[in-house]
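Report on the structure
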Amino acid sequence: MNLLEVGGLTKRFGANAAVDGLSFAISQGRCMALLGPNGAGKTTTLKMLSGLLEPSSGTIRFIGEARADIRESIGYLPQYPSFFNWMSGKEFLEFTAKLARIPAKEAASRAKELLERVGLKDAAKRKISGYSGGMKQRLGLAQAVIHRPKLLILDEPVSALDPQGRREVMELLKEMKRETTILFSTHILHDAEEISDDVMIMDRGHIVVEGDLQQLMRDHGKPQIRIKVGNADPAWVQGLRDRPFVREFEFALGLITLQVTNLHEARESLFREFVDQGLEIEGFEMGQTTLEDLFMKAVQA
Ligand SMILES: Nc1ncnc2c1ncn2[C@@H]1O[C@H](COP(=O)(O)OP(=O)(O)OP(=O)(O)O)[C@@H](O)[C@H]1O
């Protein structure tokens, strides 16, 4: 069942359409990753969905909700969240709960429960100014869900974090997606592959790819071999593109990437040729093309 339906959503800044006629739906209980290069229109889209930016045209329909209640159904974590650094984590959450018109007693109990959930129980009474980036982001997630929204919208929730902070927030998102529908933007394709059910790739204000991630990978995934060679003659390597089993060929920095018609046939044949040539194989990897390959194709078109 759809939770949100968007039709012809457009935002113009002067003559420039940052978002140009987007139509898509988000199903209840799903986690959707919004991908796209810099300037694709991701933040502008998320701001319009969150009610922070007025669309130039188009419709946003929250199924089963009156327009006035939309804000209450959405939790939003901006790309650059701001906190009152002089407050403690607990004070901040109670404050945001009050802004969401949650009564004081309920606010205190939700804040306590959430601080524990996001792993900030021991830091609850410490000032936010002393929190690490990962802790702040986890507090940001807690404030975004304090009013128990139906849809959680996150703008690049992990991109500013170090690997450890990123892992903590990713684990938390994995947990949250069990009970809330999530739409998040990211530049990190691996993160999208790790937690999302659906993906939407935008480029220059338009949707270029959209759908169920597994289905997309089944439809677009192609058998691929990557070979790292130490001592190959570049002209000979270039000649590999003419083998009958090669569909696409790339050679850069000693790495040969081949999309092939049949993995096993290609492997046998390539091994034989490399041995005959006396070439040193430093790495050999067989698999399917990845979301990154799909992304690069979609945004280069
Ligand atoms: N307030 C604004 N005034 C004018 N132009 C804007 C404004 N906000 C965004 N834009 C333009 O709209 C386009 C889309 O920007 P947006 O921030 O939505 O992209 P994005 O996909 O989120 O990019 P990034 O990955 O860099 O965050 C860009 O060309 C940007 O310069």
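Keep in mind that this is a model prediction, so the values were computed, not measured. (Residues numbered from 1 in each chain as written. Predicted model: local features only at pLDDT ≥ 70, side-chain atom pairs only at ≥ 80, totals over all residues.)

1. Side note on the overall build of the protein
Just so we agree on the cut-off: In this text, helices come from DSSP runs of H or I with a minimum length of four residues, and strands from runs of E with a minimum of two, each type numbered from the N-terminal end. Each residue is classed by its C-beta neighbour count within 10 Å, where at least 20 other C-beta atoms makes it buried, 12 or fewer makes it exposed, and intermediate counts make it partly exposed; the C-beta atoms are placed from backbone geometry. Residue pairs are scored as contacts if the distance between their C-beta atoms, which are placed from the backbone, is within 7 Å.
Looking only at helices and strands, the protein features 11 helices and 13 strands. Out of the 301 residues belonging to the protein, those deemed buried represent 33%. At a minimum sequence separation of 6, the contacts of the protein that also span at least 24 residues come to 70%.

2. Thoughts on the site of the ligand
Put simply, the test is: We call a residue near a molecule or strand if the C-beta atom, set from the backbone, is within 6 Å of it. Amino acids outside the nonpolar list (Ala, Val, Leu, Ile, Met, Phe, Trp, Tyr, Cys, Pro) and the charged list (Asp, Glu, Lys, Arg) are all regarded as polar, and Gly is one of them.
Surveying the vicinity of the ligand reveals the residues Phe13, Ala18, Gly36, Asn38, Gly39, Ala40, Gly41, Lys42, Thr43 and Thr44. A per-element tally of the shell around the ligand places helix H1 (residues 42–50) first, with three residues. Grouping the amino acids of the shell around the ligand by side-chain chemistry returns three nonpolar, six polar and one charged.

3. A word on the confidence of the model for the protein
Let me state the cut-off plainly: Confidence of the prediction at every residue is given by pLDDT, a number between 0 and 100.
In this model, the protein carries a mean pLDDT of 90, and residues with pLDDT of at least 70 account for 97%. Within the protein, the element-level pLDDT minimum falls on helix H2 (residues 70–73), averaging 74, and the maximum on strand S3 (residues 31–35), averaging 97. Across the predicted assembly, pTM comes out at 0.85 and ipTM at 0.97.

4. Some points on the packing of helix H5 (residues 133–145) against helix H6 (residues 163–176)
Worth spelling out the cut-off: Inter-axis angles, ranging from 0 to 180 degrees, are taken between N-to-C directions of lines fitted to C-alpha atoms, where helices are fitted over the stretch in contact. An angle below 35 degrees is read as roughly parallel, one above 145 as roughly antiparallel, one from 65 to 115 as roughly perpendicular, and any other as oblique. Crossing chirality is assigned from the near helix's rotation relative to the far helix, an anticlockwise turn below a right angle marking it left-handed and a clockwise turn marking it right-handed.
Relative to each other, H5 and H6 sit at 20°, their axes nearing to 8 Å. One finds that H5 runs roughly parallel with respect to H6. At the point where H5 passes H6, the crossing takes the right-handed sense. Contacts between H5 and H6 involve Gly133, Gly134, Gln137, Arg138, Leu141 and Val145 from the first element and Gln164, Gly165, Glu168, Val169, Leu172 and Met176 from the second. Here the contact of H5 with H6 is composed, by residue class, of five nonpolar, five polar and two charged.

5. Observations regarding the packing of helix H3 (residues 89–99) against helix H4 (residues 104–117)
Two quantities define a packed helix pair, namely the angle between the axes and the distance from one axis to the other. In the contact formed by H3 and H4, the axes pass within 9 Å of each other and the chain directions differ by 130°. Classified by the angle their axes make, H3 and H4 are oblique. Crossing geometry of H3 relative to H4 is assigned as right-handed. Contact residues: H3 offers Gly89, Lys90, Leu93, Glu94, Ala97 and Lys98, while H4 offers Ala107, Ala108, Arg110, Ala111, Leu114 and Leu115. Of the residues belonging to the contact of H3 with H4, the class tally is seven nonpolar, one polar and four charged.

6. Details of the domain arrangement of the protein
Going by this rule: Throughout, the edges of the domains are those of an automatic or database domain assignment.
Examined at the domain level, the protein breaks down into domain 1 (2–87 + 140–212) and domain 2 (221–300). On a C-alpha basis, the centres of domain 1 and domain 2 stand 37 Å from each other. The interface is formed by nine residues belonging to domain 1 together with six residues belonging to domain 2. Counting residues per element, the side of domain 1 that touches domain 2 draws most heavily on helix H7 (residues 189–195), which supplies three residues.

7. Observations concerning H3
Within the sequence span of H3, burial applies to Gly89, Lys90, Phe92, Leu93, Glu94, Thr96 and Ala97. Packed against the buried residues of H3 are H4 and H5. Where H3 ends, the next residue or the one after it, Arg101, has phi of about 60°, a positive value.

8. Structural notes on the sheet that holds strand S2 (residues 16–27)
Which entries qualify depends on this criterion: Here a strand pair is declared whenever DSSP counts at least two bridges between the two strands.
The sheet built from three strands is open, its strands ordered S2-S1-S4 with antiparallel pairing. Where the open sheet ends on each side, the last strands, each with one partner, are S2 and strand S4 (57–62). The mean angle between the axes of side-by-side strands here comes to 10°, regardless of whether they run parallel or antiparallel. Note that strand S1 (residues 2–13) and S4 share five bridges and pair antiparallel. Residue Gly7 lies in a different strand from S4, and its bridge partner there is Thr59. In this fold H1 packs onto S1, S2 and S4, with an angle of close to 60° to the strand it touches most, S2.

9. Examining unusual backbone geometry
Excluding glycine, residues mostly have negative phi values, and the peptide bonds linking residues are mostly trans. Backbone geometry places Arg148, a non-glycine residue, at a positive phi of 55°. The phi dihedral of Arg204 falls on the positive side, at around 45°, and the residue is not glycine. For Arg204, the location among the structural elements is in the loop between strand S8 (198–203) and strand S9 (206–212).

10. Regarding the nonpolar core
Generally speaking, nonpolar side chains in soluble globular proteins are found buried as a group. Going by this rule: Take the buried Ala, Val, Leu, Ile, Met, Phe, Trp, Tyr and Cys residues, join any whose C-beta atoms are within 7 Å, and the set you get is a nonpolar core.
Ranked by internal contacts, the top residues of the largest apolar core, which has 57 residues, are Met32, Leu34, Leu93, Ala142, Ile153, Ile182 and Leu183. With five residues, the top contributor of residues to this core is S3. There are two domains that each give this core at least three residues, and those are domain 1 (2–87 + 140–212) and domain 2 (221–300). The residues contacting Leu183, other than those within four sequence positions of it, are Ile26, Met32, Leu34, Leu151 and Ile153. With nine residues, the next largest nonpolar core counts Ile227, Val229, Phe245 and Val260 among its residues.

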